[in-house]
Structures are given as C-alpha cells and as structure tokens.
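# Structural features, examined
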Amino acid sequence: MNGLPRKMKTRIFLFSLFLMRGAFSLVMAEIAIDANYAGGNARILTREASTFTVAPDLRDTEGWWFYFNFRLRGQTEQPVSVSFAERNPIGVRGPAMSLDGGRTWTWLGKQVVTKTVAEDRTSWSFPTSLPRGVFEARFAFAPTYLESHLHEWLTAHQTNLALQVAELCFIRQGRGVELLRAGCLDLEKARGVVLLTSRHHACESVATYALEGLISAAVADDAIGRRWRSHWLIIAVPFMDKDGVEAGDQGKNRAPHDHNRDYSDTPLYPEVAAWMRLGESVRDRVVFSLDLHCPYISGQWNDRVYFVGGSDPSAAVKERAFARVLEHVVRGPLPFRAENGYLPWGSAWNTGSNNSAGRSNGTWARATFPKARFAGSIEIPYADVLGVEVNADSARALGRDLAEAILEHLE
Ligand SMILES: [Zn+2]
C-alpha cells in the first residue's frame, strides 16, 4: 500500500472499518447454542436460520433416555425455534427454563410445544427468545440439581452444628463425592442411623431437591429438627454418580450397567464400593435406608410419588406401613396416597427381569439391614404429581414431609 496516494489509503481504511462493523453486527445478531458447561447435554443436529434441531445426547446409555440441558446466548428479543427430532424428550409441563445460569428454573408449560408431522418425520418444537437484558437462557428436561446447588445449600448451613460434610471417596480427576452427616452426629448417642442416597441415575435431579428438603428439616431449629438431633444420625450421599451429574449424562441404563445395578461383590463404580463399605461398617445401627429416584417421563406410575416394593413379603409389610405414615403426615403441596403410592413386587416394571442387569441399592439394603424398619426406594416425578406442579420448592417440601414421616415411623 506504500505506493498508493494518501487519499486512496484513507478510503481503503474506511472501507475496512465498514466491513469489520458489518461482521461485528452479524456476530451480535447470531444466537449461539451449546451445552459446554456443568450438567450440559445436547446434540445440535441442524441449524436453519433461527431454528435449531436438537436431541438428547445419549452417550453410553443403552436404548433411549430423555435428559437434555442446553443454552442459547446472544441477541435478546430475537425469535428462535427449538425443535426436537427423533423422539420427544419434553415432559408433561413442557421444557424447564433458567435465566440465571441454571440456578433456578420455571416450567414453560406443555402448551408451548407444537407437534409437527411431515413426510413421515415427526418433530416437537417450541418458540423462545432471550428476554430484554438477559443474554443467556438454559433449557432442560427438568430443573437441574448440580454440585453448585449443593454447595450453595451447604454454604447457607455452614454454621449449623447439626450438619457436617466430608468426602465419601474421590473419583476421576480428583473430584470429591460429598458425604453428609446430619441430625444426632454422635453415633454412640444416636438411637440409630438413617441412610439416604440420590442420583444413582445422574439425570434424576428432582430426587436431590427432596433429599435437600429432608436434611434441611432434620437440622432445622424446630420440633422436627430437635427430634432428629436428639436421636437419629443421617448419613447421606446426594450424588451417587457425581461424574455423571456434572458431565450431564443420562446415567440411567449406562453400559455395561448403571450405578443402581452395581451392588455386587465387585462394584464397578468407586462411589458404590465406598457406600457398601460404609453401610456395612454401621450394619447393626441402620434403622432406615431410603434411595431417592425419579421415574419415566409420563404415564401411569410416572404421575405420582410411590415406593418400589421389595420381593420379600416381610419387607413389603414395612414398606406399606411407612407409606401409610407418610400419607398421614403430608403437609406439603405434593399429594401422597398409600393406596396408589406403592408398586408391589411383580407389578408393572418392578419384576425379576428389571434386576437381571445387577443388584440395586434397595435390594442390597434389604439384605444388609434386615432389622431396619424400612429399606427401599422412592420415585418422585420430575414435573407433576396427580395434577400438582413439581418444582424445587414442592420437591423440598416433600422432603420435609419424609423427614417427619421417618420420625413417626421410627419413634
Ligand atoms: Zn433412578
């Protein structure tokens, strides 16, 4: 350019600026989609103008499952359409949306979803846009509960003398698996030990909101909290598949088997091996063992809170008795009825073939703690319980109800 006249150089410079400005405004107008963050999960199949076609990333899941969690970032108030191809992973209250980086969530409602059938191809889509002043929105199958949620709750309770946090074990990349102790922290003084777990299946976030609510009630400064602190020691692991939770895995039906089919003599997963050792070390003190889960997307047995019955008739008697106690104490918004909140062994999916992949936590607990007053699992729907909305607060309230029911059942 050195040989060019000064006037020409100025014109070239100004034209370059014009091109850069154009490119910059194009970038600003783009809406970006990705799932590259803790708990993220999506396959971005296509993008046409402002329509994204996505699908759950199954990773090592055998068969299909429905967990997704992605974000849109960029220009606000620009209409976008998100379309799911292949199968519909949207639950009975539509997608969940977070405008604060995944901390809190609201359901968008089923009415936002449109089903389209064209040339033998079915898709399910919903329109959205980033609200004015908000540059990121996350969309997920259900409200998520990650390590960041647990740490926020632990920080809020850090001066509570009835709650301690330690590590169950360390897993990949040195990541610690949180082990909580709550209630009566003196094992010698306690009348018994209550074991609690969730996230044997990484995507089952709502179960952990209930677990959080249960422990919050046990350490609260009220009558329920005082009863817990006087008599009962809780030992809990909120994330039995910690890597899966943070990676955004489905976790359910993970090959060669998932964490809830790993209770064998030679467990694959360090969390399960450590939990079995810990349980066996307090074998004679365990009075209650509850593993919290979420069921399938929709349909019968996915629309209610229920206990999963064990095959041993004496276990079933204890489980039905606890279900009646829970029905009696429920005060939170999520209804529970013992009559339809118990799936007996041999019914629906709860059969021998479901256990062929390996032993579950519930089956292990029933065999390991025969004297316990309850050993088994509960299923808590992601979105709706008999017409009542499931969200972080209503799931926590169910946890509080469980805390009271366990006391009533034990005392
Ligand atoms: Zn599960």
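Residues numbered from 1 in each chain as written. Predicted model: local features only at pLDDT ≥ 70, side-chain atom pairs only at ≥ 80, totals over all residues.

What follows concerns the environment of Gly346. Along the polypeptide, Gly346 turns up in the loop between strand 17 (342-343) and helix 8 (361-368). For Gly346, a count of 10 C-beta atoms within 10 Å translates into the label exposed. Separated by 35 residues in the primary sequence, Gly346 and Ser311 place their C-alpha atoms 7.8 Å from one another. (Helix = DSSP H or I, 4+ residues; strand = E, 2+ residues; numbered from the N terminus. Buried ≥ 20, exposed ≤ 12 C-beta atoms within 10 Å, placed from the backbone.)

So, on to the nonpolar core. Ranked by size, the top nonpolar core spans 100 residues in total, and within it Val194, Val206, Ala210, Ile234 and Ile380 carry the most contacts. Taken domain by domain, the makeup of this core includes at least three residues from each of domain 1 (30-140) and domain 2 (147-410). Apart from the residues within four sequence positions on either side, Ala210 is in contact with Leu292, Ile380, Ala395, Arg396, Leu398, Gly399 and Leu402. (Core = buried A, V, L, I, M, F, W, Y, C linked by C-beta atoms within 7 Å. Domains from an automatic or database assignment. Contact = placed C-beta atoms within 7 Å.)

Before going further, it helps to spend a moment on the sheet that holds strand 3 (residues 51-55). Overall, mixed pairing links the five strands, which are arranged 2-3-5-9-8 in an open sheet. Strands at the two margins of the open sheet, each flanked by one partner only, are strand 2 (43-48) and strand 8 (114-118). With strand direction ignored, the average angle separating the axes of adjacent strands in the sheet is 30°. Across five bridges, the pairing between strand 8 and strand 9 (residues 121-128) is antiparallel. Within the sheet, the bridge partner assigned to Thr116 lies in strand 9 and is Ser123. (Pairing = 2+ DSSP bridges. Axes fitted to C-alpha atoms, helices over the stretch in contact; angles between N-to-C directions.)

What follows concerns the domain arrangement of the protein chain. The domain boundaries assigned to the protein chain delineate domain 1 (30-140) and domain 2 (147-410). Here the C-alpha centroids of domain 1 and domain 2 sit 30 Å apart. Considered class by class, the residues forming the side of domain 1 that touches domain 2 number eight nonpolar, eight polar and four charged. (Nonpolar A, V, L, I, M, F, W, Y, C, P; charged D, E, K, R; others polar.)

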